[in-house]
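Reading the structure
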Amino acid sequence: MDYKYIEQLLDRYFSAETTVQEEQILRTFFAQGDEEMPQELKQYAPLFAAFNDDAVLGDDFDKRILDMLPAETVALQPKQVKARTISIAERLRPLFSAAAMVAILLTVGNAINQSMRPDTTWMDADEYASMMVDSQEPAVAYDQVSDSLTLAKDNILTSIPTDSLLGSNVD
């Protein structure tokens, strides 16, 4: 008998290229246990014979396996735990903590950054409000600027240092 087709099917089987029907052909071939089968094909018979056993584990399979284990191992088995519902607030609590930490770090970082600037001058709300110019009334803005410039000119004239060599004000 020519076994080349079976050998081709075996090559394709071990390359994972066979179809279900071709695998069924291999199972049927090795299940018949032909005495004339060459020795190199007989070595594959136990592999396909294992597939032919339609043994069912049975309902008591778990109990049989647990009976084979030592008592200490069975005692270490996890106990059944009841499910617990978790609210959305509980799920998001770690995110709230992380967001609070980020806010604190940003606030502290901003405060440190502002305090390290040498050119930063702090003013209160009254000073800031007095500096604001009403854009609706240009005449009022002009008067405020004029008054500020006049005041600055008067302050500059009174603060001119005396000439150290002459000992008098320079006019």
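A short tour of the structure in this document, coming up. (Residues numbered from 1 in each chain as written. Predicted model: local features only at pLDDT ≥ 70, side-chain atom pairs only at ≥ 80, totals over all residues. Heavy atoms only, no water.)

1. Description of the nonpolar core
Core analysis: the biggest nonpolar cluster contains twelve residues, these being Tyr 3, Ile 6, Leu 9, Leu 10, Tyr 13, Leu 26, Phe 29, Phe 30, Met 37, Leu 41, Ala 45 and Phe 48. Of all elements in the fold, only helix H1 (4–14), helix H2 (20–31) and helix H4 (45–52) reach the threshold of two or more residues within this core. (Core = buried A, V, L, I, M, F, W, Y, C linked by side-chain atoms within 4.5 Å. Buried < 20%, exposed > 50% of the residue type's maximum accessible area, 1.4 Å probe, protein only. Helix = DSSP H or I, 4+ residues; strand = E, 2+ residues; numbered from the N terminus.)

2. Some details on unusual backbone geometry
Notably, Ala 16 is not glycine yet its phi reads approximately 60°, a positive angle. You can see Ala 16 is positioned in the loop between H1 and H2.

3. Focus on the pattern of salt bridges
Under the counting rule described, the total for this entry stands at five salt bridges. Put simply, Asp 60 and Arg 64 hold a salt bridge, and the shortest N to O gap is 3.6 Å. Arg 64 gets classed as partly exposed once you look at its relative accessible area, which sits at 40%. With a closest N to O distance of 3.2 Å, Lys 63 and Asp 67 form a salt bridge. Residue Lys 63 and its partner Asp 67 are located together in helix H5 (residues 61–68), separated by four residues, close to a single helical turn. Overall, the relative accessible area of 53% leaves Lys 63 in the exposed class. (Salt bridge = Lys/Arg side-chain N within 4 Å of Asp/Glu carboxyl O.)

4. Considering the side chain of Thr 18
Assignment of secondary structure puts Thr 18 in the loop between H1 and H2. Among the polar contacts made by the side chain of Thr 18, one reaches the side chain of Glu 23 at a distance of 3.0 Å. Leaving out residues up to four positions away in the same chain, Thr 18 has contacts with Leu 9, Arg 12, Tyr 13 and Glu 23. (Polar contact = N/O pair within 3.5 Å; in protein donor to acceptor, adjacent residues only side chain to side chain. Contact = heavy atoms within 4.5 Å.)

5. Focus: the packing of aromatic side chains
Applying the stated rule across the entire model yields four aromatic pairs. Ring geometry for Tyr 13 against Phe 14: centres 5.4 Å apart, planes inclined by 75°, an arrangement best described as edge-to-face. Classification of Phe 14 as partly exposed rests on a relative accessible area of 48%. A ring pair is formed by Phe 29 and Phe 30, whose centres lie 5.1 Å apart and whose planes are at 80°; its orientation type is edge-to-face. Both residues of the pair, Phe 29 and Phe 30, count as buried. (Phe/Tyr/Trp six-rings, centres within 6.5 Å; stacked < 30°, edge-to-face > 60°.)

6. Topic: the packing of H1 against H2
Contact geometry for H1 and H2: axes closest at 10 Å, N-to-C directions at 125°. On the basis of their axis angle, the class for H1 and H2 is oblique. Here the hand of the crossing between H1 and H2 comes out left-handed. Of the residues in H2, those touching H1 at Tyr 5, Ile 6, Leu 9, Leu 10, Arg 12 and Tyr 13 are Glu 22, Glu 23, Ile 25, Leu 26, Phe 29 and Phe 30. Here the contact of H1 with H2 is composed, by residue class, of nine nonpolar, no polar and three charged. (Axes fitted to C-alpha atoms, helices over the stretch in contact; angles between N-to-C directions. Parallel < 35°, antiparallel > 145°, perpendicular 65-115°, else oblique. Left-handed = near helix turned anticlockwise from the far one by under 90°. Nonpolar A, V, L, I, M, F, W, Y, C, P; charged D, E, K, R; others polar.)

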